Amino acid sequence: MGSSSGNSSGSTQLQNSGSEEDLQLAMDQRKRKRMQSNRESARRSRMRKQKHLNDLMAQVAQLSKENNQILMRTSITTQHYLNIEAENSVLRAQMGELSQRLQSLNDILDYMNTGNTVFEADQNVQIYQDSFMNNSWNWMHFNQPIMASADVFQY
């Protein structure tokens, strides 16, 4: 009996050491699984970061392209504005010159209309006045065009 109890305690120790080894193997296996899981998680995290970085780089490229297009449109619009402003300056100058010519012509017409009644009594003056106004060489300076260009005006 003594030997059987010795065998049973020895086998219990063997079973205990076997279960300890099994427990150690199970813990090692869990540790390896956890390490593998952590590696996979880290790999997925790196992939997400890389995708996010790629998305941000694509967004930067798109925004830069849009910014360049806006700058180009702004430049073209500014050039159109400057061209129109120069043309408006020329037109304003021409309008001023034409207004002065019109005023001069109106003054001449007023003078002619009032001059005919004043000088009716004196026949010589009336003949001189009529011959002066009917002579086309005396009117030549009224037919001269007045030109203005954008080069005349400086900003």
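The shown structure was predicted, so the numbers you read here are calculated from the model rather than taken from an experiment.

Trainee: Can you walk me through the overall build of the protein chain in this structure?
Mentor: A count of helices and strands for the protein chain gives two helices and zero strands. Split into buried and exposed, the 155 residues of the protein chain put 6% on the buried side. Across the protein chain, the fraction of contacts at a sequence separation of at least 24, relative to all contacts at a separation of at least 6, is 62%.

Trainee: Even after reading the chapter, I still don't get the pattern of salt bridges, so can you show me in this structure?
Mentor: Two side chains carrying opposite charge are able to pair once their charged atoms lie near each other. Summed over all chains, the structure comprises two salt bridges. Of the charged contacts in the structure, one is a salt bridge between Arg 43 and Glu 40, with a shortest N-O distance of 2.9 Å. Of the two residues, Arg 43 and Glu 40 are both situated in helix H1 (residues 2-118); the distance of three residues between them amounts to about one turn of the helix. For Lys 51, the salt bridge identified is with Asp 55, shortest N-O distance 3.1 Å.

Trainee: It is not clear to me how the confidence of the model for the protein chain should be interpreted in this structure. Could you clarify?
Mentor: Low-confidence regions, as indicated by low pLDDT, have predicted coordinates that should not be scrutinised in detail. Of all residues in the protein chain, 62% have pLDDT values of 70 or greater, and the mean over the chain is 79. A low-confidence stretch, residues 1-6 stays under pLDDT 50, and its non-local contacts, those more than four residues away or across chains, total zero contacts.

The rules behind these values
Residues numbered from 1 in each chain as written. Predicted model: local features only at pLDDT ≥ 70, side-chain atom pairs only at ≥ 80, totals over all residues. Heavy atoms only, no water. Helix = DSSP H or I, 4+ residues; strand = E, 2+ residues; numbered from the N terminus. Buried < 20%, exposed > 50% of the residue type's maximum accessible area, 1.4 Å probe, protein only. Contact = heavy atoms within 4.5 Å. Salt bridge = Lys/Arg side-chain N within 4 Å of Asp/Glu carboxyl O. pLDDT = per-residue confidence, 0-100.

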